[in-house]
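Letter by letter, the chains look like this.
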Amino acid sequence: MTAQRRVVAEVLDGEHVHLTADEVHARAVAKLPEISRATVYNTLGELVSLGEVLEVATDKRAKRYDPNAHRPHHHLVCAQCGAIRDVHPTGNPLADLPDTERFGFTVSDVEVTYRGVCPNCAAA
């Protein structure tokens, strides 16, 4: 693993990390000043292609990158500031879709996004 890839991986490490590419770049530069924006974008693209990172798009905001790619989860998004949290509700959303609502599709995946207002925005 190159130094650049290692730094990007370190920046993405942790729970509830959902950074934009620009945020990843800013944090990576603090650790490795010579890392370029193009290298960060290319590395993020490679990590997504390898299934090591998820690309999360919410509304019309910038794409965010989620390192929690190996544990099934959904997202809780603040409608005001865009904060994202991973959530792990019980149940099986695939099983919750009745056959009459599948319209002949073979459903293989589900993405659920809960929306609301985070405590910080609610207090403001």
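Up top is the structure.
Notes on the structure in this doc start here.

Reading guide: rules and limits
- Residues numbered from 1 in each chain as written.
- Predicted model: local features only at pLDDT ≥ 70, side-chain atom pairs only at ≥ 80, totals over all residues.
- Heavy atoms only, no water.
- Pairing = 2+ DSSP bridges.
- Helix = DSSP H or I, 4+ residues; strand = E, 2+ residues; numbered from the N terminus.
- Axes fitted to C-alpha atoms, helices over the stretch in contact; angles between N-to-C directions.
- Parallel < 35°, antiparallel > 145°, perpendicular 65-115°, else oblique.
- Left-handed = near helix turned anticlockwise from the far one by under 90°.
- Contact = heavy atoms within 4.5 Å.
- Salt bridge = Lys/Arg side-chain N within 4 Å of Asp/Glu carboxyl O.
- Buried < 20%, exposed > 50% of the residue type's maximum accessible area, 1.4 Å probe, protein only.

1. Focus: the sheet that holds strand 3 (residues 64–66)
As a general point, the strands of a sheet are linked pairwise by backbone hydrogen bonds and lie either parallel or antiparallel. If you walk across this open sheet you meet the 3 strands as 1-3-2, and the pairing is antiparallel. In this open sheet, the two strands that pair with only one neighbour each are strand 1 (19–20) and strand 2 (54–56). The sheet contact formed by strand 1 and strand 3 spans 2 bridges and is antiparallel. When the bridges of strand 3 are listed, Leu19 appears paired with Tyr65.

2. What to know about the packing of helix 1 (residues 3–12) against helix 2 (residues 21–31)
The geometry of a pair of packed helices is captured by two quantities: the angle between their axes and the separation between those axes. Direction vectors running N to C along helix 1 and helix 2 enclose 120°, while the axes themselves pass 9 Å from each other. Considering their axes alone, helix 1 and helix 2 lie oblique with respect to each other. By crossing handedness, the relation of helix 1 to helix 2 is classed as right-handed. For the pair formed by helix 1 and helix 2, the contact residues are Val7, Val8, Glu10, Val11 and Leu12 on the first element and Val24, Arg27, Ala28 and Lys31 on the second.

3. Re the pattern of salt bridges
Following the criterion strictly, the structure yields 6 salt bridges and no others. For the salt bridge of Glu46 with Arg5, the shortest nitrogen-to-oxygen distance reads 2.4 Å. Remark: Arg5 occurs in helix 1 and Glu46 occurs in helix 3 (residues 37–49); sequence separation between them is 41 residues. By relative accessible area, which is 34% here, Glu46 ends up partly exposed.

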